[in-house]
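One-letter residues, chain by chain:
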Amino acid sequence: MRQPSLPKQAPPPPPPPTPGQLPGDWRTPPDRPPLQMQPEPDSRMKRFCMRVMEHHAQLAAAGEYYEVEAPEVGRISGWPRRRRLFVAYVFLLPLSVIMVFALLLQIYHAAPSAENALGFWTSEPVWFSLMGVALYLSLLFFRPAMPLLAYVYVLGHEMTHALVALCCFGRIKSFEFSEQGGYVDTDKDNLAIALAPYFVPLWMAVWGGGLWLVNWIYPFEVYHPWFYAGIGFWWCFHIYWTMWIIPREQPDMLENGIVLSFLITLLMNIVVLLLILRVFGLVTLHGYWVDVQRCAVAVYSLLCEVYTLLISYAA
């Protein structure tokens, strides 16, 4: 004879968090729900990033990080959110579309002739830059190099915050960086300081400026191939880490609005890429401005046609 099954007991509630420790994001106070931004420890790179965030949590709990002075960090709501969305969707989104298509037109016009449409990609600057990009992408499959790349990125991230804060006439009280993470203690905070690491390729600027200075003092023959390859390597480094870190709900973007921050980052990266192509001698700023005007007229005409079509269907 079968015995009646006993009713299943509910699992015990999870233990309360330890006092003084943040349960999630290092910029979220203990009385707010934590942000899901800690990566799963399935690789050495992710374990390194977890150690960095744990170190930030300890600094925030001890009151040693300047962001703790404004603990209300999270998704904005209400009228501030509506204003940011209005600016993003009405102004920045159409401008992003126009600038992207204008850049594509400039790349298309950079071809020497219609018969040689691949001339842009086979030119010396682009060719050696693509070799630098291929070198960086190959490092992604070499796991021992990932902690070092993450270390370099976090250092550049904090240094960019500090440099832009100085440019905004802020004062850097302290700057520390180690294998466990880093922080910048400053008395200034604005949109430029918060978003600068996402569109300022610091290491690419260091490489280009340093190599130009060395070639100016001691000229050498293979300057241009090394210059182009380094630009491609560090540009790919910047884009890869920016794309990796943006989806992880960065507080720098949450406090300014995700949509607004993303579109500003996109626009500024387009500007940086345009300046790179200008230094390579492949595009002209005047030609890009002409293409921007042409794309703006095309986008405006398209929006008018869509509006007319919607009005006709509504009538």
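Residues numbered from 1 in each chain as written. Predicted model: local features only at pLDDT ≥ 70, side-chain atom pairs only at ≥ 80, totals over all residues. Heavy atoms only, no water.

Pulling in residues and values, what's your account of the overall build of the chain?
The number of helices and strands found in the chain is ten helices and two strands. Ordered by position in the sequence, the α and β elements of the chain form the string α-α-α-α-β-β-α-α-α-α-α-α. Taking the contacts inside the chain whose residues are at least 6 apart along the sequence as the reference set, 71% of them involve residues at least 24 apart. Total accessible area on the chain is roughly 19500 Å²; 68% of this is exposed by carbon and sulfur atoms. (Helix = DSSP H or I, 4+ residues; strand = E, 2+ residues; numbered from the N terminus. Contact = heavy atoms within 4.5 Å. Areas by Shrake-Rupley, 256 points an atom, 1.4 Å probe, with all protein chains shown as cover.)

Break down the layout of surface pockets for me, with residues and values.
In this structure, the largest pocket occupies an estimated 440 Å³ of space. Considering the residues around the largest pocket, the lining is formed by 20 residues, among which Trp 121, Leu 130, Trp 235, Leu 273 and Leu 277 are closest to the centre. Per-class residue counts for the lining of the largest pocket are 18 nonpolar, two polar and no charged. (1 Å grid on protein atoms, 1.4 Å probe; cavity = no way out; pocket = protein on both sides within 12 Å on 5 of 7 lines; lining within 4 Å. Points joined across faces, edges and corners; volume = space filled by probe spheres on them. Nonpolar A, V, L, I, M, F, W, Y, C, P; charged D, E, K, R; others polar.)

How would you explain the packing of aromatic side chains if you had to name every residue and give the values?
Scanning the entire structure with this criterion turns up 16 aromatic pairs. Geometrically, the ring pair formed by Trp 241 and Trp 244 is edge-to-face, given 5.5 Å between the ring centres and 70° between the ring planes. On the criterion of helical spacing, the pair formed by Trp 241 and Trp 244 is a turn pair, its members being three residues apart in helix 7 (residues 223-245). Note on accessibility: Trp 241 and Trp 244 belong to one class, buried. (Phe/Tyr/Trp six-rings, centres within 6.5 Å; stacked < 30°, edge-to-face > 60°. Buried < 20%, exposed > 50% of the residue type's maximum accessible area, 1.4 Å probe, protein only.)

Describe empty space enclosed by the protein, and please don't skip the residues or the numbers.
Applying the stated criterion across every chain yields a total of two cavities of 30 Å³ or more. Of the pockets and cavities examined, the second largest cavity occupies roughly 110 Å³. What lines the second largest cavity is a set of 14 residues, and nearest its centre among them are Tyr 153, Val 200, Leu 202, Trp 203 and His 238. For the lining of the second largest cavity, the element with the most residues is helix 4 (residues 146-167), which contributes five residues.

Residues and numbers for helix 6 (residues 202-217), please.
Relative to the 22 Å expected for 16 residues at 1.5 Å per residue, helix 6 spans 23 Å between its end C-alpha atoms, a close match to the ideal helical length. Of the positions making up helix 6, those classed as buried are Leu 202, Trp 203, Met 204, Gly 208, Leu 211 and Asn 215. Elements in contact with the buried residues of helix 6: helix 4, helix 7 and helix 9 (258-280). (Expected span 1.5 Å × (residues − 1).)

Break down the packing of helix 7 against helix 9 for me, with residues and values.
Packing of helix 7 against helix 9 brings their axes to within 12 Å, and their N-to-C directions diverge by 175°. In terms of orientation, helix 7 lies roughly antiparallel with respect to helix 9. Between helix 7, through Phe 227, Tyr 228, Ile 231, Trp 235, His 238, Ile 239 and Thr 242, and helix 9, the contact on the second element is made entirely by Thr 265, Asn 269, Val 272, Leu 273, Ile 276, Val 279 and Phe 280. When the residues that make up the contact of helix 7 with helix 9 are grouped by side-chain class, the tally is ten nonpolar, four polar and no charged. (Axes fitted to C-alpha atoms, helices over the stretch in contact; angles between N-to-C directions. Parallel < 35°, antiparallel > 145°, perpendicular 65-115°, else oblique.)

Describe the nonpolar core, naming the residues involved and giving the relevant values.
Counting residues in hydrophobic clusters, the biggest one holds 52 residues, and the most contacted among them are Phe 237, Trp 241 and Tyr 288. Looking at this core, the elements that each hand over two or more residues are helix 2 (79-109), helix 3 (124-139), helix 4, helix 6, helix 7, helix 9 and helix 10 (285-314). Per element, the largest residue contribution to this core is twelve residues, and it comes from helix 7. Among residues more than four places away in sequence, those in contact with Tyr 288 are Met 99, Ala 102, Leu 103, Gln 106, Ile 270 and Leu 274. (Core = buried A, V, L, I, M, F, W, Y, C linked by side-chain atoms within 4.5 Å.)

Which residues make up the pattern of salt bridges, and what are the values?
Here the structure, examined in full by the defined rule, presents one salt bridge. Two residues, Asp 291 and Arg 294, come together in a salt bridge whose shortest N-O distance is 3.7 Å. Placement of the pair is Asp 291 and Arg 294 together in helix 10, with a separation of three residues, close to one helical turn. (Salt bridge = Lys/Arg side-chain N within 4 Å of Asp/Glu carboxyl O.)

Describe in detail the confidence of the model for the chain, supporting the description with residues and values.
Summing up the model confidence of the chain, the mean pLDDT is 77 and the portion of residues at 70 or higher is 71%. Within the chain, the element-level pLDDT minimum falls on helix 1 (residues 44-62), averaging 52, and the maximum on helix 3, averaging 93. Confidence over residues 20-30 falls short of pLDDT 50; this stretch has 30 contacts with residues more than four positions distant or in other chains. (pLDDT = per-residue confidence, 0-100.)

Break down the side chain of Ser 129 for me, citing the residues and quoting the values.
Mapping Ser 129 onto the fold places it in helix 3. A distance of 2.7 Å separates a polar side-chain atom of Ser 129 from the backbone oxygen of Pro 125. (Polar contact = N/O pair within 3.5 Å; in protein donor to acceptor, adjacent residues only side chain to side chain.)

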